[in-house]
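Descriptive structure summary
Given next are the chains, with one letter for each unit.
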Amino acid sequence: MAGFDSIIGQEQIRDHMAGAIESGHVGHAYIINGERSSGKEYIANLFAKALQCKGEGVKPCGVCPSCIKAADDNHPDIIHVTHEKPGSIGVDDIRDQINSDIMIKPYESDWKVYICNEAEKMTPQAQNALLKTLEEPPAYGVILLLTTSTEALLPTILSRCITLNMKPVKDSQMRKYLTGELGMSSDKADLCIAFARGNVGKAKLLALSEEFDNVRNEALSLLRNIRDMEIAEVAGAIRQISEYKFDTTDYLDIIAVWYRDVLLFKATRDAGGLIFHDEIQYITRVADRSTYEGIETIIDAIDTAKKRIKANVNYDLAMELLMLTIQENS
Ligand SMILES: [Zn+2]
């Protein structure tokens, strides 16, 4: 099994965890904070495995009975906290799965590790219940709270946890992983890196998604033709996209990257640095006929559309407004 050296980027978190394991100075509560699919669960599971490892030398050894159980998700002293309601973690979830459970000593090791994903979804009552455990944790208790944002957490929770923030991973590290371990062509790797913006999990997701190529092609076809399209055709294209099981913001990212390419090409007339360099014919055309102001208006409008969709404004409406802005300015 892979050790801490398998973590891509995140040197700070990696060093902190490896140091804690080596010295035995392990905190009772950690917050691992970072965006969705940035690798928080991978890191939390690795830390739990390393804590439980019974092997000699570098941990996790990957071969001891404890490591094998952990790899099979079958270790009695690694507990994944679950929640019934998708939108929230309630007080009963915390009481049943952490507070009462942690009173029972570990079955076969020195630690009992709790991994609570989406911890930002804890209700204030759930957080207050957890606080009781955080105030007086048993010596063997380690609680890992994984969050996409710490804003919803009470200051009293934050003050009792060691917060480890995920950092964007360098493009060069991502490229090495995508072209090396995943065996991707460097062209496709560049594309995934441009969209993932430092999020390894997202790059991997895009790289392995069969839909990614379809969505990319649909987006490009729309961008090539949008100026001459009737509004009904544009609306049809938008509806088509919503039928993919693809995150809409990823679709908008594709459009944003394309216009960033247009802007870059307009300024430099150099196709070398473009993400969509095979679109050069169309990019040249749009770069020639649009103004800097127009392209910037489009890029701003993409951001606005993203925010609207995140805030649950009607998808079709937000997208149509964006497409109108694109038509007017490209
Ligand atoms: Zn081991």
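Structural data are supplied above this passage.
Read on for a plain summary of the structure. Since this is a predicted model, take the numbers as computed values, not measurements.

Rules of the game
Residues numbered from 1 in each chain as written. Predicted model: local features only at pLDDT ≥ 70, side-chain atom pairs only at ≥ 80, totals over all residues. Heavy atoms only, no water. Phe/Tyr/Trp six-rings, centres within 6.5 Å; stacked < 30°, edge-to-face > 60°. Helix = DSSP H or I, 4+ residues; strand = E, 2+ residues; numbered from the N terminus. Buried < 20%, exposed > 50% of the residue type's maximum accessible area, 1.4 Å probe, protein only. Lys NZ or Arg CZ within 6 Å of the ring centre and 35° of its normal. Donors = N, O, S within 2.8 Å, 3.2 Å for Na, K, Ca; no water. Tetrahedral: all angles 85-135°; square planar, octahedral: opposite > 155°, others 65-115°. Arc of directions from axis to C-beta. Contact = heavy atoms within 4.5 Å. Polar contact = N/O pair within 3.5 Å; in protein donor to acceptor, adjacent residues only side chain to side chain. Pairing = 2+ DSSP bridges. Right-handed = clockwise from strand over helix to strand, strands pointing away. Axes fitted to C-alpha atoms, helices over the stretch in contact; angles between N-to-C directions. Patch = residues over 30% accessible without salt bridge, like charges linked within 9 Å, V, L, I, M, F, W, Y side chains within 5 Å. Areas by Shrake-Rupley, 256 points an atom, 1.4 Å probe, with all protein chains shown as cover. Salt bridge = Lys/Arg side-chain N within 4 Å of Asp/Glu carboxyl O. Lys, Arg positive; Asp, Glu negative; His and termini not counted. Charge placed at Lys NZ, Arg CZ, Asp CG, Glu CD. Core = buried A, V, L, I, M, F, W, Y, C linked by side-chain atoms within 4.5 Å.

**Structural notes on the packing of aromatic side chains**
Pairs of aromatic rings are described using the distance from one ring centre to the other and the angle between the two planes. Counting across every chain of the model gives 4 aromatic pairs. Between the aromatic rings of phenylalanine 195 and phenylalanine 276, the centroid separation amounts to 6.4 Å while the plane-to-plane angle is 50°, which identifies the pairing as tilted. Remark: phenylalanine 276 occurs in the loop between helix H12 (248-268) and helix H13 (280-289) and phenylalanine 195 occurs in helix H8 (residues 186-196); sequence separation between them is 81 residues. A ring pair is formed by tryptophan 258 and tyrosine 259, whose centres lie 5.2 Å apart and whose planes are at 80°; its orientation type is edge-to-face. Tyrosine 259 matches tryptophan 258 in its accessibility class, with the two residues each being buried. These aromatic residues form a ring-pair network of at least three members: Phe195, Phe212 and Phe276. One cation-aromatic arrangement involves lysine 266 over tyrosine 292; the distance from NZ or CZ to the ring centre is 5.3 Å.

**A look at the coordination of the zinc ion**
Every protein donor of the zinc ion is accounted for by Cys53 (SG), Cys61 (SG), Cys64 (SG) and Cys67 (SG), and the metal-donor separations fall at 2.2 to 2.3 Å. Geometry at the zinc ion is tetrahedral, judged from its 4 donor atoms and the angles of 100 to 118° they form at the metal. Classification of cysteine 53 by relative accessible area gives buried; the value is 6%.

**Concerning helix H9 (residues 200-208)**
For H9, every residue scored as buried is listed here: Val200, Lys202, Ala203, Leu206 and Ala207. Seen from one end, H9 has its buried residues packed into an arc of 165°, which puts them on one side. Every exposed residue of H9 that faces more than 90 degrees away from the buried side is listed here: Leu205 and Leu208. At its buried positions, H9 is contacted by helix H7 (171-181), H8, helix H10 (210-225) and H12. Measuring from the side-chain oxygen of the N-cap residue of H9 to the backbone nitrogen of glycine 201 gives 3.1 Å; that N-cap residue is asparagine 199.

**Section: the pairing of strand S4 (residues 141-147)**
In terms of burial, S4 is a largely internal element, 7 of the 7 residues being buried. Here S4 shows no split at all, with Gly141, Ile143, Leu145 and Thr147 on one side and Val142, Leu144 and Leu146 on the other all buried. Judged from the 5 bridges that link them, strand S3 (residues 112-116) and S4 form a sheet pairing that is parallel. Among the inter-strand pairings, cysteine 116 is bridged to a residue of S4, identified as leucine 145. Once you follow S3 into helix H5 (residues 124-135) and on to S4, the crossover reads as right-handed.

**Some remarks on the sheet that holds S4**
What the 5 strands build is an open sheet, ordered S2-S3-S4-S1-S5; its pairing is parallel. This sheet does not close on itself; its edge strands, each paired only once, are strand S2 (78-81) and strand S5 (162-165). Across the sheet, the mean angle separating the axes of adjacent strands is 20° when strand polarity is ignored. Where strand S1 (residues 29-33) meets S4, 5 bridges bridge the pair, whose relative direction is parallel. Residue pairing across strands places tyrosine 30 opposite leucine 144, the latter belonging to S4. Sheet strands touched by helix H1 (residues 11-23): S1 and S5. Its angle to S5, the strand with the most contacts, is close to 140°.

**A look at a negative patch on the surface**
Taken together, Glu293, Glu296, Asp300 and Asp303 make up a surface patch of like negative charges. With respect to the element layout, glutamate 293 can be found in helix H14 (residues 292-310).

**So, the nonpolar core**
Counting 58 residues, the largest nonpolar core has Leu178, Ile255, Trp258, Tyr259, Phe276 and Met323 as the members making the most contacts within it. The greatest single-element share of this core, amounting to 11 residues, is contributed by H12. Setting aside residues up to four positions removed in sequence, tryptophan 258 forms contacts with Leu220, Leu223, Phe276, Glu279, Tyr282, Ile283 and Val286. Listed in part, the 26 residues of the second largest apolar core include Ile21, Ile43, Ile78 and Leu144.

**Some details on the pattern of salt bridges**
Within the structure shown, the criterion is met by 11 salt bridges. Among the ionic pairs, lysine 69 bridges to glutamate 108, the shortest N-O distance being 2.8 Å. Remark: glutamate 108 occurs in the loop between helix H4 (91-99) and S3 and lysine 69 occurs in helix H3 (residues 65-71); sequence separation between them is 39 residues. Using a relative accessible area of 29% as the deciding quantity, one classes lysine 69 as partly exposed. Aspartate 278 is the salt-bridge partner of arginine 216, the closest N and O atoms lying 3.7 Å from each other.

Without other data, these values stay purely geometric and don't point to any function.
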